[in-house]
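Take a look at the letters that make up each chain.
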Amino acid sequence: MAAAPEAGEPRKGKPFKLLGILDVENIPCARDSTLYGSLGSVVAGLGHFLFTSRIRRSCDVGIGGFILVTLGCWFHCRYNYAKLRIQERLAREGIKNKILYESTHLDPERKQTNSGGSSSSN
């Protein structure tokens, strides 16, 4: 029995592509957006059918619900993903600068008690 890959590891098999173009496993936010869009499609189409009993119009509403919910979730998730990447980059640069300037005269956290060095006032 082979061990299952971790959540962060890419699989070595053939990737699953939705409609042949969208790699759902490797593109951030693609899986969640597609699943929420499917749920939105079912809810919108079924809800419209229960209110109006018009089959064709309900299918159209379902497809429109899929498109709207998928795009809404996609843009929301990608915005949050980009914001997180910017925060990670700033934190990484801050850690790099902390390591680089630690214990030097350029360290902003280092207290400079004697600004003139060892000069005495006698």
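As shown above, the structure is provided for reference.
Everything in this summary refers to the structure shown in the same document.

Conventions we followed
Residues numbered from 1 in each chain as written. Predicted model: local features only at pLDDT ≥ 70, side-chain atom pairs only at ≥ 80, totals over all residues. Heavy atoms only, no water. Helix = DSSP H or I, 4+ residues; strand = E, 2+ residues; numbered from the N terminus. Buried < 20%, exposed > 50% of the residue type's maximum accessible area, 1.4 Å probe, protein only. Polar contact = N/O pair within 3.5 Å; in protein donor to acceptor, adjacent residues only side chain to side chain. Contact = heavy atoms within 4.5 Å. Disulfide = S-S within 2.5 Å.

**Observations regarding the side chain of Ser58**
Looking at where Ser58 falls in the secondary structure, it is placed in helix α2 (residues 55-101). Look at Ser58 and you get buried, because its relative accessible area is 5%. Here His48 takes part through its side chain, which lies 3.2 Å from a polar atom of the side chain of Ser58. Setting aside its immediate chain neighbours within four residues, Ser58 contacts Gly45, His48, Phe49 and Thr52.

**Regarding the state of the cysteines**
Taken as a whole, this structure holds one disulfide when the rule is applied. Here Cys29 engages in a disulfide with Cys77; their sulfurs sit 2.0 Å apart. One disulfide, between Cys29 and Cys77, carries an S-S torsion of -75° and so falls in the left-handed class. Of the two residues, Cys29 is situated in the loop between β2 (22-23) and α1 (30-52) and Cys77 in helix α2; the sequence distance between them amounts to 48 residues. Cys77 provides the cysteine sulfur closest to Cys73, a residue in no disulfide bond, and the two sulfurs are 8.4 Å apart. Judged by its relative accessible area of 23%, Cys73 falls in the partly exposed class.

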